[in-house]
Amino acid sequence: MHSFEAIFPHLNQFELHTAHFVEESPQRAPDMAGLLLAAELVDKILRNLYDNADIPALKTSSLVCQQWRSISRLYLFRRVTISTETSLEDFALFVSDDISIVHSIRTLIIRPRREDGLMEPSSWIAKVPSYLSSLLNGLEYLEFFGLYERGEYITEEFIDAFSKFSSIHTLSFRSCSIDIRLVQPLVCALPALSTLVIFSISPLTSNVVIEIPQRSPRLVALDIYFSPTYPDAMGSFLQWIAATDTRKTLRSFSVSTRLQDGDAVGRFISQVGPQL
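To start, this report covers the structure provided alongside it.

To continue, consider the pattern of salt bridges. Within this structure, the stated rule accounts for 11 salt bridges. Notably, a salt bridge pairs Arg181 with Asp179, separated by 2.7 Å at the nearest N-O pair. Taking relative accessible area as the criterion, Arg181 reaches 42% and is therefore assigned partly exposed. For Asp179, a relative accessible area of 6% corresponds to the buried category. Residues participating in the shared-partner salt-bridge network are Glu85, Glu89 and Lys127.

On to the environment of Ile125. Tracing the chain through its elements places Ile125 in the loop between strand E4 (107-110) and helix H6 (128-132). The buried category is assigned to Ile125, whose relative accessible area is 0%. Separated by 41 residues in the primary sequence, Ile125 and Thr84 place their C-alpha atoms 8.9 Å from one another.

Quick look at the nonpolar core now. Residues Leu132, Phe162, Leu171, Phe173, Ile198, Leu222 and Phe237 are the most contacted members of the largest nonpolar core, which totals 74 residues. Among all residues touching Ile198, those that are not within four sequence positions of it are Phe173, Ile180, Val183, Asp223, Ile224, Tyr225, Phe226 and Phe237.

The next point concerns a nonpolar patch on the surface. A cluster of nonpolar residues, Leu37, Leu41 and Ile45, forms a patch on the protein surface that exposes about 220 Å² of accessible area. With respect to the helices and strands, the residue Leu41 is situated in helix H2 (residues 39-51). Leu41 sits in the partly exposed class, given a relative accessible area of 39%.

This part is about unusual backbone geometry. Positioned with a positive phi, Ser175 is a non-glycine residue whose angle comes to about 50°. Within the secondary structure, Ser175 is located in the loop between strand E7 (170-174) and strand E8 (177-178). A relative accessible area of 39% places Ser175 in the partly exposed class. Positive phi, normally seen in glycine, also occurs at Ser200, with a value near 65°. Secondary-structure assignment places Ser200 in strand E9 (residues 195-201).

Here the focus is the packing of aromatic side chains. Evaluated as defined, the whole model comprises 10 aromatic pairs. A ring pair is formed by Phe237 and Trp240, whose centres lie 5.6 Å apart and whose planes are at 45°; its orientation type is tilted. You can see Phe237 and its partner Trp240 sitting in helix H9 (residues 233-242), 3 residues apart, about one turn around the helix. Judged by its relative accessible area of 0%, Phe237 falls in the buried class. Members of the aromatic cluster, joined through ring pairs, are Phe144, Phe158, Phe162, Phe165 and Phe173. The positively charged end of Arg111 is found above the aromatic ring belonging to Phe145, 3.9 Å away from the centroid.

Rules used in this analysis
- Residue indices begin from 1 for each chain and proceed along its sequence in written order.
- With pLDDT at 70 or above as the cut-off, local features in this predicted model cover only qualifying residues; side-chain atom pairs require 80 or more to be listed or tallied, and sums for whole chains, interfaces and linings still use all residues.
- With hydrogens and water stripped out, all remaining heavy atoms of the structure feed into the side-chain values.
- By definition here, a salt bridge exists when the distance from a side-chain nitrogen of Lys or Arg to a carboxyl oxygen of Asp or Glu is within 4 Å.
- Exposure categories follow from relative accessible area, calculated using a 1.4 Å probe and restricted to protein chains: below 20% of the type maximum is buried, above 50% is exposed, and the middle band is partly exposed.
- Elements are defined by DSSP. Helices are runs of H or I of four residues or more, strands are runs of E of two residues or more, and each kind is numbered from the N terminus.
- Definition of nonpolar core: a set of buried residues of the types Ala, Val, Leu, Ile, Met, Phe, Trp, Tyr and Cys, connected through side-chain atoms within 4.5 Å.
- Note on definitions: a residue-residue contact is assigned when non-hydrogen atoms from the two residues lie within 4.5 Å.
- In this analysis, a patch consists of residues with relative accessible area above 30% that form no salt bridge, clustered at 9 Å for like charges and at 5 Å for the nonpolar side chains Val, Leu, Ile, Met, Phe, Trp and Tyr.
- Reported accessibility uses the Shrake-Rupley method at a 1.4 Å probe radius. Residues are deemed covered only where the shown protein chains occlude them.
- Any pair of Phe, Tyr and Trp rings, taking the six-membered ring for Trp, is counted once the centres come within 6.5 Å. Such a pair is stacked with planes under 30 degrees apart, edge-to-face with planes over 60 apart, and tilted for the rest.
- Both a distance and an angle decide whether a charge sits over a ring: NZ of Lys or CZ of Arg must be within 6 Å of the ring centre and within 35 degrees of the ring normal.

Here you go:
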């Protein structure tokens, strides 16, 4: 039997779910046409492996036969994590060469790798939308994890290219250090955005002023938590959200807050409350 590495030979270039993958080898998995299970049953088996994050078993399943390999690709490529400029470039090239992969990719996580634990901006972030927005036309979920950004690379050009992610419905920021004023144009830029998750954003002052796109966000779900070191963020962000079309469309609101933000949260709920 061929090994997984023989079929996916450059496994370590960029992450897929909790695994690594790259371009397939021209070698084929053994054909067992006479022993095939129904595709619906195979899909159920592989979906169960994916839901339970059993990536080693999912990779091994891709070696069973051509049928299993084709279906396993739908799950192996569903979630991609990019951490370096090299992995971004390799991934863009990989997807360009095998456009059939595009429809499998649903989640993209941008998680800059920290050298020696140092927090500093990552210049390659500026390339993400220009490299990927035209390729990943089925992307549904985009997450920035550990982003450290003062506005050097999230520019008006970035926002313009970012707006071409036309299928994203969920945008997430986790453990980021960023000026909340840079989050606002990102939220407005995505035409299909319905869910925003902000979990533990810490303050990082930016002297860059970016014009917010005229498109007003129409969020259906909002889940927010700001770091205690960002004392004014909750009030100012909720005030901004309440002034957008989200005031009419919001149906779900989850918030982790401190006592000092109680008045701001209360005012926001009273403004959007009838439709929650």
